[in-house]
Amino acid sequence: MNREQELKELVKQKYGEIASQDKTRNRASCCGSGRCSTDVYNIMSEDYSELGGYNPDADLGLGCGLPTQFAQIKGGDTVIDLGSGAGNDCFIARKETGESGKVIGIDFTPEMIGKARVNVERLGYNNVEFRQGDIENLPLADSIADVVVSNCVLNLLPNKNGAFREIYRVLKPGGHFSISDIVLQGELPVSLRRAAEMFVGCVSGAIQKEKYLGLIADNEFFNITLQKEKTVEIPDDILAAYLSVEEIAEFKTNGGSIQSITVYAEKPEMAECCGPDCCQ
């Protein structure tokens with residue numbers, strides 16, 4: 001098994017465990033990694049409770065933004081949520097699409113898909129569905145979605161370029177995405193980047209913000225806009241699990257930072273043709 005596949009299997013294993021944890025434990029950690037902090041209750045996730053369609057049973061506290069709040073979803077839209085977890089963003093999106101729209105959640109982890117399906121059955125929504133699949137090889141037809149959303153998931157993928165390529169494929173011409181994710185400014189200490197627990201906790205899987213935005217542009221999206229950004233402060237008791245006192249001090253003074261961003265981009269109305277049938 002190559003390194004990329006090993007990392008994907010690690011994510012699947014850890015998020016399978018997270019699916020069975022309660023929300024308090026998830027939110028007290030770094031994206032549910034299980035490394036709880038005594039200093040803060042909430043490190044990265046944001047409060048969904050005031051948004052229409054919010055359902056507390058579907059909120060595992062794993063996100064790092066509110067992409068559906070910025071996604072400009074309209075009635076009747078088809079929305080795809082990548083890394084849908086227990087269905088939180090899907091149910092928010094469903095409130096915006098109304099009964100005439102459709103929402104499809106994609107998740108890599110069987111346990112999360114099972115949890116989401118229980119939630120949607122309980123809510124009785126007939127226009128929300130969940131499919132197990134790989135974001136780098138989505139179980140979706142071309143040009144199916146008006147909007148794609150994702151919350152603190154793409155940073156976990158070793159092949160982020162493949163993910164953006166797939167987002168481009170499944171969006172309709174003129175469609176757009178709103179994605180919340182974790183990126184870096186400057187460098188993280190090597191020991192922090194290598195820690196598997198922090199990888200699943202959304203930190204050491206992150207790449208430089210400039211590179212992240214560059215991947216979006218490289219995949220022919222345009223009107224790339226940062227809708228929101230903030231610096232994520234990781235408490236010393238979490239850092240101490242991976243860094244020495246001297247390394248923590250260096251990390252805080254070397255100008256490096258971990259940031260949560262929500263980024264918007266559009267697929268052109270007329271995508272460049274790649275064959276005789278692709279521009280119909």
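Residues numbered from 1 in each chain as written. Predicted model: local features only at pLDDT ≥ 70, side-chain atom pairs only at ≥ 80, totals over all residues. Heavy atoms only, no water.

**Examining the pairing of strand E3 (residues 128-132)**
So, step 1. In this sheet, E3 lies alongside strand E2 (residues 102-107) in parallel orientation, the contact comprising five bridges. Its bridge partner lying in E3, Ile104 is registered against Glu129.
So, step 2. Handedness of the β-α-β unit built from E2, helix H5 (residues 110-123) and E3 comes out right-handed. (Pairing = 2+ DSSP bridges. Helix = DSSP H or I, 4+ residues; strand = E, 2+ residues; numbered from the N terminus. Right-handed = clockwise from strand over helix to strand, strands pointing away.)

**Quick notes on the sheet that holds strand E6 (residues 222-232)**
So, step 1. Reading across the sheet, the seven strands line up as E3-E2-E1-E4-E5-E7-E6 and stay open at both edges, with mixed pairing between neighbours. Strands with a single pairing partner mark the edges of an open sheet, and in this sheet they are E3 and E6. For this sheet, the mean angle separating the axes of adjacent strands, direction not counted, is 20°.
So, step 2. Direction of pairing for strand E4 (residues 145-151) relative to strand E5 (residues 171-185): parallel, over a ladder of six bridges. Opposite Val147, over in E5, you have His176 as the bridge partner.
So, step 3. This element, H5, spans E2 and E3 of the sheet and lies at about 165° to E3. (Axes fitted to C-alpha atoms, helices over the stretch in contact; angles between N-to-C directions. Contact = heavy atoms within 4.5 Å.)

**Regarding the side chain of His176**
So, step 1. Relative to the helices and strands, His176 is located in strand E5.
So, step 2. A polar atom in the side chain of His176 sits 2.6 Å from the backbone oxygen of Ala71.
So, step 3. Not counting chain neighbours up to four residues away, the residues in contact with His176 comprise Ala71, Gln72, Asp146, Val147, Val148, Leu171, Tyr264, Ala265 and Glu266. (Polar contact = N/O pair within 3.5 Å; in protein donor to acceptor, adjacent residues only side chain to side chain.)

**So, the packing of helix H6 (residues 160-170) against helix H9 (residues 209-218)**
So, step 1. Remark: H6 packs on H9, axes separated minimally by 9 Å, with the N-to-C direction vectors making an angle of 40°. Read as a crossing pair, H6 and H9 show a hand that is right-handed. Taking contact as the criterion, the partners of Lys160, Asn161 and Phe164 in H6 are, on H9, Tyr212, Leu215 and Ile216.
So, step 2. Residues belonging to the contact of H6 with H9 are distributed by class as follows: four nonpolar, one polar and one charged. (Left-handed = near helix turned anticlockwise from the far one by under 90°. Nonpolar A, V, L, I, M, F, W, Y, C, P; charged D, E, K, R; others polar.)

**Quick word on the pattern of salt bridges**
So, step 1. Scanning all chains against the criterion turns up eleven salt bridges.
So, step 2. Ionic pairing is found between Asp236 and Lys252, a salt bridge with its closest N-O pair at 2.6 Å. Residue Asp236 is found in helix H10 (residues 236-239), and its partner Lys252 is found in helix H11 (residues 245-253); the two are separated by 16 residues along the sequence.
So, step 3. The class for Asp236 is partly exposed, based on a relative accessible area of 36%. (Salt bridge = Lys/Arg side-chain N within 4 Å of Asp/Glu carboxyl O. Buried < 20%, exposed > 50% of the residue type's maximum accessible area, 1.4 Å probe, protein only.)

**Structural notes on H6**
So, step 1. Within H6, eight of the eleven residues are buried, which leaves the element mostly enclosed by the surrounding structure.
So, step 2. Of all the positions in H6, only Lys160, Gly162, Ala163, Phe164, Glu166, Ile167, Tyr168 and Val170 are classed as buried.
So, step 3. The secondary structure elements touched by the buried residues of H6 are strand E1 (78-82), E4, E5 and H9.

**Things to note about the side chain of Asn219**
So, step 1. With respect to the helices and strands, Asn219 occurs in the loop between H9 and E6.
So, step 2. The exposure class of Asn219 is buried, given its relative accessible area of 10%.
So, step 3. A polar atom in the side chain of Asn219 sits 2.9 Å from the side chain of Asn161.
So, step 4. Residues in contact with Asn219, not counting those within four places in the same chain, are Asn161, Phe164, Arg165 and Tyr168.

**Describing the nonpolar core**
So, step 1. One finds Val148, Leu154, Phe164, Ile167, Phe177 and Tyr212 to be the most contacted residues of the largest nonpolar core, which totals 29 residues.
So, step 2. Secondary structure elements with two or more residues in this core: E1, E2, E4, H6, E5, H9 and strand E7 (257-266).
So, step 3. Top element by residues in this core is H6. It accounts for five residues.
So, step 4. Once residues lying within four places of it in the same chain are set aside, the contact partners of Tyr212 are Leu154, Phe164, Ile179, Asp181, Val183, Ile207, Ile261 and Val263. (Core = buried A, V, L, I, M, F, W, Y, C linked by side-chain atoms within 4.5 Å.)

**Regarding the packing of aromatic side chains**
So, step 1. Scanning the entire structure with this criterion turns up six aromatic pairs.
So, step 2. Between Tyr168 and Phe221, the ring centres sit 5.3 Å apart and the planes meet at 75°, which makes this aromatic pair edge-to-face. Of this pair, Tyr168 sits in helix H6 while Phe221 sits in the loop between H9 and E6, and the two are 53 residues apart along the sequence. No difference in accessibility class separates Tyr168 from Phe221, as the two residues are buried.
So, step 3. Members of the aromatic cluster, connected to one another through ring pairs, are Phe164, Tyr168, Phe177, Tyr212 and Phe221.
So, step 4. The cationic tip of Lys267 hangs over the ring face of Tyr168; the distance from NZ or CZ to the ring centre is 4.7 Å. (Phe/Tyr/Trp six-rings, centres within 6.5 Å; stacked < 30°, edge-to-face > 60°. Lys NZ or Arg CZ within 6 Å of the ring centre and 35° of its normal.)

**Here's the deal with unusual backbone geometry**
So, step 1. The phi dihedral of Gln72 falls on the positive side, at around 55°, and the residue is not glycine.
So, step 2. Positionally, Gln72 belongs in the loop between helix H3 (67-70) and E1.
So, step 3. Positive phi outside glycine occurs at Asn223, with the angle close to 50°.
So, step 4. Positionally, Asn223 belongs in strand E6.

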